[in-house]
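# Structural overview for review
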Amino acid sequence: MSHRIKTETVSTSPAIRVSTARYARSGWCWKWTRWIGIGAMLFALQACEVNEESLTETQSPGSSGGGTPPPPPPPPPPPPPPPPASATDQAIFEATLYPHLMDAANNCVGCHGNTQDPLFAVADATVAYNAITSQQKVNLMNPPLSRVYVRPKDERHNCGGDANCDRVAADFLAAIEEWANQATANVPPPVGGGPVVSVPTNFAEATDSGLVRADDAAIAVFTFSEGAGDITMDTSGAGSPITLQIEGMEWVEGGGLRNVSGKAQANAADSRKLFDMITPVNEYTVEAWVIPDNNAQDGPARIVSYSLDTAERNFTMGQNAIYYQLRNRSVATGINGTPALEALDPQVAIDMTHIVMTFDGQTGRKVYINGQLSIEENAANDTLDWIDTHLLVLGNETTNNRLWQGVLRFVAIHNTALSDVEVRQNYDAGAGNLVTMRFDVSGIIGQPAFIDMQVAQLDAAGYLFARPTFVSDATGIAVKNIRIVVNGGTPVAAQPFRRIDTTVLQTGVELSPLGAVIPVELGADNDQFHLEFEVLGSMQGEAEPPVPSSPPLPVADVPEPQFGVRTFSQLNDTMSILTGISANQNDVLATYSEVRDSLPSTPDMLAFGPAQQIAIQRLATSYCGAVVSDGPTCDGFFGNCAIDGAAKDQVANTLYDRLVGDNIAEQPERANVSTEVVRMIDDLGCANGCNGAEAELVLQATCAAVLSSAAITVN
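Keep in mind that what you see is a predicted model, and the values were worked out from it rather than measured.

## Structural notes on the overall build of the chain
Across its full length, the chain carries 17 helices and 27 strands. Residues counted as buried form 54% of the 715 residues belonging to the chain. Looking at the chain alone, contacts between residues at least 24 apart form 71% of all its contacts between residues at least 6 apart. Here the chain displays about 28,400 Å² of accessible surface, and carbon together with sulfur accounts for 51% of that area.

What follows is the structure, encoded as structure tokens:
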């Protein structure tokens, strides 16, 4: 999959908690993010590549429950559990897929047989089998969804030209299908007993989510539900519909457009509706559900733009690397809508994200991310200064040189500035395809009782499950460790609800603010789902499903690495000690709770990826923000909470002494760090010195850059 929604990572989905911290900071000062990890260049990793194969989440087992309660009446019989991994299944793997993975002509051995996780092309067949199965690189229920097949077939990953990729993909698929056929023939009879389970259900039994959007002022709505063709239509019903001509985009199952290399653009006549219906009221809202392909695209890359070219626009919702950005043309900003209003927190995540940008002539611009206000400006009596000949375009600029790559699931434009409540209402309603899936647990509780979840099919590969809610008149019901099961199997890397541990006192209680992406197996028409519980009411079940095999040891010819990476708790403790800020400080604790599962869970450098570096940077920014936000603390840390233009190296030396340290093996040299920090201060507009709020922002930026660098993260 090209996206994941909170599979124990930082996430953004209709039910997922995001940071509510607000920063009224100027966009210019956040150029510092490109300096993240200034020490990392001194510890460059040489690997085959960094890609999603090295970003697989590693889950830690939960704790088991307490004493055994009195036995109640037995629950309904559970669906058949998946068969345990066995020597027979490994033997089938060795006879089917394994020879193709080991074939040098298929190009797997060079990386996945040497240094790159997962190590599924190594000489030790047991290590290869554990890597393939524990990290779910094959789908025996639906072989065409297997990652080792999709990689060469659709993504052309490291397999040569098209003809060779097609051959490799076909060989892999045939082998996986044969593995699946033989495995089915060898499944032992199901064994009774085991976990506490709900009654199974499916999409056919689901009901409408009942969540209503705030669309009274919508004048353009695109749901991308056509599924085929080269146009997509405005379905708002307001005025004449806008038609978008599509090029360089692909339709996404379940509704959506994936922008690969093009855009969706309206003509001048259709676009004129926006000018006619917005300028008289002097306020508007742009709203989108998106899944970015990456957090490096900038320019900003255009998500939704009403513009002429790169220099003139009425508005633009864009992505500027790790930040979302709003440009709006008004009397105060000029023809390019600058300075832009940039949402600094939360940063861009490679997940389903709800972005809302509003303008009101009385108060100015606001940006919301996932239902929460991210940033607002304090402006008054501003007036739109739009041009009626600009064009509405999605995914690019009209001049085709500001490409945004990712999935557009929903776009709407309103001729009013939505309120905080209305933004939250639309966030809760989701991208338009949510249903309520009801899991019956009455037989366990002893009276009518259900767990309701908001569910949607994201695309051909994944379902979103969010907002588990307990519905029953029963009270005092213990609920612990919920797992979602598909066709009798529990996906390994998609179980954030296993952290639930609560007692429900009334009906309608939301059990978790998290969300999960569950892999598709047989498709929405055929997949069956049920829930497993460690504890539900007085029933005690299994603490966890079988834990996947531990990561394999390096193969014989790969030496143990000299360096490792600090894991999540080590990073948090280290940053707390180095900055002198308590790990229990409110803002720090909130950030750590949010990003913890995106921080490294293993010291293995080969498993370290970009998403983990971003999480480290966010945590460092929070600690450094706590340092500079309090005057005495800032003065105590830096000596003076200001920057002397003639003594900028004093800031660099302070950061080196406090965060890096002298006489430590393998640390970067003071002179190298000082050069980079001083260059960063200059680049942030403080070359001649600064003080007050401006100095605090620059000090926070430089502090975070050093604190999130390899000098601290590498161990």
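What follows continues from the structure just given.
## Digging into the nonpolar core
In a soluble, globular protein the nonpolar side chains are often hidden away together inside. Grouped together as the largest cluster of nonpolar side chains are 50 residues, with contacts concentrated most on Leu 599, Phe 638, Ile 643, Leu 655, Leu 659, Leu 699 and Leu 707. Apart from residues no more than four positions distant in its own chain, Leu 707 is found in contact with Met 575, Leu 578, Thr 579, Ala 620, Tyr 623, Cys 624, Leu 659 and Ile 712. Judged by nonpolar contacts, the second largest core, of 44 residues, contains Phe 222, Ala 264, Met 317 and Val 411.

## Comments concerning the confidence of the model for the chain
Of the residues in the chain, 83% reach a pLDDT of 70 or more, and the chain-wide mean stands at 81. Under a pLDDT of 50 for its full length, residues 1-86 has, in the predicted model, 244 contacts with residues more than four places off or in other chains. Low confidence marks residues 188-193, where pLDDT is under 50. Its contacts with residues over four positions away, or in another chain, come to 5 contacts.

## Description of the pattern of salt bridges
The tally for this structure, following the rule as stated, stands at 24 salt bridges. As a salt-bridge pair, Arg 618 and Asp 345 come within 3.2 Å of each other at their nearest N and O atoms. Note that Arg 618 is positioned in helix 12 (residues 610-628) and Asp 345 in the loop between strand 11 (341-343) and strand 12 (353-360), a separation of 273 residues in sequence. Each member of the pair, Arg 618 together with Asp 345, is buried. Here the salt bridges share partners, and the residues they tie into one network are Arg 424, Asp 428, Arg 467 and Glu 510.

## What to know about the packing of helix 10 (residues 568-579) against helix 12
It is at 10 Å that the axes of helix 10 and helix 12 come closest, and there the two elements cross at 25 degrees. When the interaxial angle is binned, helix 10 and helix 12 end up roughly parallel. Remark: the crossing between helix 10 and helix 12 carries right-handed chirality. In this structure, helix 10 contributes Leu 571, Asn 572, Met 575, Ser 576 and Thr 579 to the contact, and helix 12 contributes Ile 616, Leu 619, Ala 620, Tyr 623 and Val 627. Of the residues in the contact of helix 10 with helix 12, the class split is 7 nonpolar, 3 polar and no charged.

## Observations concerning unusual backbone geometry
The step from Gly 299 to Pro 300 runs through a cis peptide bond, and the omega angle for that step is -5 degrees. Counting through the fold element by element, Pro 300 comes out in the loop between strand 7 (283-292) and strand 8 (301-307). The amide bond that connects Thr 338 to the next residue, Pro 339, takes the cis arrangement and shows omega of 5 degrees. Relative to the assigned elements, Pro 339 resides in the loop between strand 10 (323-328) and strand 11. Phi is positive for Phe 224, close to 55 degrees, though the residue is something other than glycine. In this fold, Phe 224 is placed in the loop between strand 3 (218-222) and strand 4 (231-233). By relative accessible area, which is 1% here, Phe 224 ends up buried. Of note in this structure, Asn 400 is not a glycine but carries a positive phi near 65 degrees. By the secondary structure assignment, Asn 400 is in the loop between strand 15 (391-394) and strand 16 (406-414).

## Remarks on the packing of aromatic side chains
Here the structure, examined in full by the defined rule, presents 17 aromatic pairs. Measuring from centroid to centroid gives 5.3 Å for Phe 93 and Trp 179, while their planes differ by 50 degrees, and the two rings are tilted. Taken together, the residues span a long stretch of sequence, with Phe 93 in helix 1 (residues 87-95) and Trp 179 in helix 6 (residues 162-185) at a distance of 86 residues. Ring centres of Tyr 284 and Phe 315 lie 5.3 Å apart, and the angle between their planes is 25 degrees; this geometry places the pair in the stacked category. Of this pair, Tyr 284 sits in strand 7 while Phe 315 is found in strand 9 (residues 313-320), placing the two residues 31 residues apart along the sequence. In terms of burial, Tyr 284 and Phe 315 fall into one category: buried. Grouped by ring-pair contacts, the aromatic residues Tyr 284, Tyr 306, Phe 315, Phe 359 and Trp 386 constitute a single cluster. When the ring centre of Phe 450 is taken as reference, the NZ or CZ atom of Arg 438 above it lies at 4.4 Å.

## Here we look at helix 11 (residues 586-595)
Among the residues of helix 11, those classed as buried are Val 588, Thr 591, Tyr 592, Glu 594 and Val 595. Down the axis of helix 11, the buried set is contained in an arc of 165 degrees. They therefore lie on one face. As for helix 11, its buried residues are in contact with helix 10 and helix 12. Where helix 11 starts, the residue carrying a side-chain oxygen 3.0 Å from the main-chain nitrogen of Asp 587 turns out to be Gln 585.

## Some points on the pairing of strand 10
Every regular strand shows the same layout, with side chains that alternate between the two sheet faces. Taking burial as the measure, the 6 residues of strand 10 include 6 buried ones, the bulk of the element. Alternating residues of strand 10 divide into Tyr 323, Gln 325 and Arg 327 and Tyr 324, Leu 326 and Asn 328, and every residue in both groups is buried. Bridge count between strand 9 and strand 10: 6 bridges; the pairing is antiparallel. Bridged to Gln 319 within strand 10 is Tyr 324. Where strand 9 folds back on strand 10, the antiparallel hairpin that results is connected by 2 residues, among which Ala 321 adopts a positive phi of roughly 60 degrees.

## Re the packing of helix 14 (residues 649-660) against helix 16 (residues 692-707)
Two packed helices can be described by the angle between their axes and the distance between those axes. For the pair helix 14 and helix 16, the least separation of the axes is 10 Å and the interaxial angle reads 40 degrees. Looking at the two axes, helix 14 sits oblique to helix 16. The chirality of how helix 14 crosses helix 16 is right-handed. Packed against helix 14, whose contacting residues are Val 651, Leu 655, Leu 659 and Val 660, the element helix 16 presents Leu 699, Thr 702, Cys 703, Val 706 and Leu 707 at the interface. Counted by class, the contact of helix 14 with helix 16 contains 8 nonpolar, 1 polar and no charged residues.

## So, the side chain of Thr 316
Summarising the element assignment, Thr 316 is placed in strand 9. A residue is classified by how much of its surface remains accessible, and Thr 316, at 1% relative accessible area, is buried. Only 2.7 Å separates the side chain of Thr 316 from the side chain of Ser 305, close enough to count as a polar contact. Polar contacts involving the side chain of Thr 316 include one to the side chain of Arg 313, which spans 2.7 Å. Those residues in contact with Thr 316 that sit more than four places away from it in its chain are Arg 302, Val 304, Ser 305, Gln 325, Leu 326, Arg 327 and Met 357.

About the cut-offs
- Residues numbered from 1 in each chain as written.
- Predicted model: local features only at pLDDT ≥ 70, side-chain atom pairs only at ≥ 80, totals over all residues.
- Heavy atoms only, no water.
- Helix = DSSP H or I, 4+ residues; strand = E, 2+ residues; numbered from the N terminus.
- Buried < 20%, exposed > 50% of the residue type's maximum accessible area, 1.4 Å probe, protein only.
- Contact = heavy atoms within 4.5 Å.
- Areas by Shrake-Rupley, 256 points an atom, 1.4 Å probe, with all protein chains shown as cover.
- Core = buried A, V, L, I, M, F, W, Y, C linked by side-chain atoms within 4.5 Å.
- pLDDT = per-residue confidence, 0-100.
- Salt bridge = Lys/Arg side-chain N within 4 Å of Asp/Glu carboxyl O.
- Axes fitted to C-alpha atoms, helices over the stretch in contact; angles between N-to-C directions.
- Parallel < 35°, antiparallel > 145°, perpendicular 65-115°, else oblique.
- Left-handed = near helix turned anticlockwise from the far one by under 90°.
- Nonpolar A, V, L, I, M, F, W, Y, C, P; charged D, E, K, R; others polar.
- Phe/Tyr/Trp six-rings, centres within 6.5 Å; stacked < 30°, edge-to-face > 60°.
- Lys NZ or Arg CZ within 6 Å of the ring centre and 35° of its normal.
- Arc of directions from axis to C-beta.
- Polar contact = N/O pair within 3.5 Å; in protein donor to acceptor, adjacent residues only side chain to side chain.
- Pairing = 2+ DSSP bridges.

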